[in-house]
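Overview (structure and organization)
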Amino acid sequence: MTHEWAVEAHGLVRTFGDNRAVDGVDLSIRTGSVYGVLGPNGAGKTTTISMLATLLRPDAGEARVFGHDVVREAQVVRQLIGVTGQYASVDETLSATENLVIFSRLLGLGRAEARRKAAELLETFGLTEAATRPLKNFSGGMRRRLDLAASLIAQPPLIFLDEPTTGLDPRTRAQMWDTIRELVATGSTVVLTTQYLDEADQLADRIAVIDRGRVVAEGTADELKDAVGNQSLQLGLVAAADLGSALDIVTTFGVPATTSPEARRITVPVTGPDEVTDLLVRLREARIAVDSISMDKPSLDEVFLTLTGHGVAADGEDDTAGTAAAGDVACPTTSTREEALR
């Protein structure tokens with residue numbers, strides 16, 4: 001696509017009863033980039049993606065995909081996008097090949113072309129050896145790869161990936177990262193929602209932080225980190241029992257801190273050497289022994305704590321709107337499956 005902006009959204013709103021799941025979201029996503037949407041459970045990430053992907057109708061605001069309105073030109077938009085939701089829309093009773101053939105046929109491919117495309121995608125995603133195996137025998141990582149493969153049958157210029165690596169082991173997660181990079185290298189635009197801070201840091205060209213239905217910050221990873229502070233102080237304590245007392249002292253400085261109880265470590269955003277000195281003096285006065293000190297750029301953990309007052313994995317209601325929307329692209333019926341496979 002030659003359009004400069006893959007996605008332009010202004011003032012998107014979606015409510016469910018008394019719950020304002022999305023409350024005036026603005027997004028501008030440049031073509032040929034990876035755009036990360038970061039937020040905790042219930043922040044409104046999936047609901048936002050569902051509106052952009054035409055699965056939910058906005059209550060207010062407007063959005064365009066490559067210049068096409070997602071409400072008035074929904075059918076055109078659907079031809080330009082691929083969606084991989086949190087829950088795989090595949091049939092567990094069928095094999096990987098059969099699932100891909102069905103989706104290919106539903107997208108208008110002929111029988112021979114559908115089988116060729118299925119074989120090509122299975123090879124791309126390392127699933128050739130399991131091509132004839134029923135999905136009920138697949139691991140979680142294999143299912144996620146197959147679901148991504150299904151969304152790429154038509155090679156769409158815009159791909160929505162809603163938490164694609166949730167629950168994957170580190171090796172499979174790294175493979176998925178490589179796949180996402182390859183998609184962008186071959187011309188696709190990827191919109192990635194995630195709860196994994198390192199994932200957004202590694203993949204996204206720009207990141208929108210969403211909390212309670214609103215975009216609370218937007219920029220590159222470095223820009224977001226710079227907004228928190230130039231550096232963060234990492235303190236390693238001698239005794240794990242002192243962690244609570246040390247955290248109490250840190251909070252009196254009015255800055256959010258993250259802790260790692262297993263490593264007896266506290267990470268604190270700081271603005272300069274004077275603040276570091278004052279903090280160390282207070283710890284010494286409280287007889288809290290420190291065995292290591294280091295300075296580093298703040299992580300996205302600190303960014304999220306500063307912007308929202310809670311961690312990215314904070315408890316919250318599930319984004320039920322997104323789950324319902326995912327159901328709109330459920331598996332084909334039995335009769336449709338049989339017809340597609342013939």
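Residues numbered from 1 in each chain as written. Predicted model: local features only at pLDDT ≥ 70, side-chain atom pairs only at ≥ 80, totals over all residues. Heavy atoms only, no water.

The protein is annotated in an unreviewed UniProt entry as ATP-binding cassette domain-containing protein of Oerskovia rustica. Check the Sequence similarities (unreviewed entry) section of the UniProt entry for the protein; it says "Belongs to the ABC transporter superfamily. Drug exporter-1 (DrugE1) (TC 3.A.1.105) family." According to the UniProt record, the Subcellular location (unreviewed entry) comment for the protein is "Cell membrane". (UniProt positions renumbered as here; feature names shortened; annotations may be inferred.)

Aromatic rings considered in pairs are described by the distance between their centres and by the relative angle of their planes. Going through the model one piece at a time under the given rule, you end up with zero aromatic pairs. If you follow Arg-30 out to its NZ or CZ, it ends over the ring of Trp-5, 4.3 Å from the centre. When the ring centre of Tyr-196 is taken as origin, the NZ or CZ atom of Arg-173, which lies over that ring, is 4.3 Å away. (Phe/Tyr/Trp six-rings, centres within 6.5 Å; stacked < 30°, edge-to-face > 60°. Lys NZ or Arg CZ within 6 Å of the ring centre and 35° of its normal.)

You can see Ala-131 is positioned in the loop between α4 (111–124) and α5 (140–151). We classify Ala-131 as buried; its relative accessible area is 11%. The contact partners of Ala-131, leaving out residues within four places of it in the chain, are Ser-95, Ala-96, Thr-97 and Leu-122. (Helix = DSSP H or I, 4+ residues; strand = E, 2+ residues; numbered from the N terminus. Buried < 20%, exposed > 50% of the residue type's maximum accessible area, 1.4 Å probe, protein only. Contact = heavy atoms within 4.5 Å.)

Before going further, it helps to examine the sheet that holds strand β12 (residues 258–260). Ordered in space as β12-β13-β11-β14, the four strands form an open sheet in which the pairing is antiparallel. The open sheet terminates on both sides in strands that have one partner only, identified here as β12 and β14 (290–296). The average angle at which neighbouring strand axes cross in this sheet is 20°, direction not considered. Sheet topology note: the strand β11 (residues 231–237)/strand β13 (residues 265–270) ladder contains six bridges and is antiparallel. (Pairing = 2+ DSSP bridges. Axes fitted to C-alpha atoms, helices over the stretch in contact; angles between N-to-C directions.)

This next bit is on the nonpolar core. Looking at soluble globular proteins, one finds that nonpolar side chains tend to be buried together. Counting 35 residues, the largest nonpolar core has Leu-100, Phe-138, Leu-146, Ile-180 and Val-190 as its most contacted members. When contributions to this core are tallied by element, the ones reaching two or more residues are α3 (96–106), α4, α5, β7 (158–162), α6 (170–185) and β8 (189–194). Apart from residues no more than four positions distant in its own chain, Leu-146 is found in contact with Val-90, Ala-96, Leu-100, Leu-122, Leu-127, Leu-135 and Phe-138. Counting residues in each nonpolar core, the second largest holds 28 residues, with Ala-6, Val-25, Ala-53 and Leu-158 among its members. (Core = buried A, V, L, I, M, F, W, Y, C linked by side-chain atoms within 4.5 Å.)

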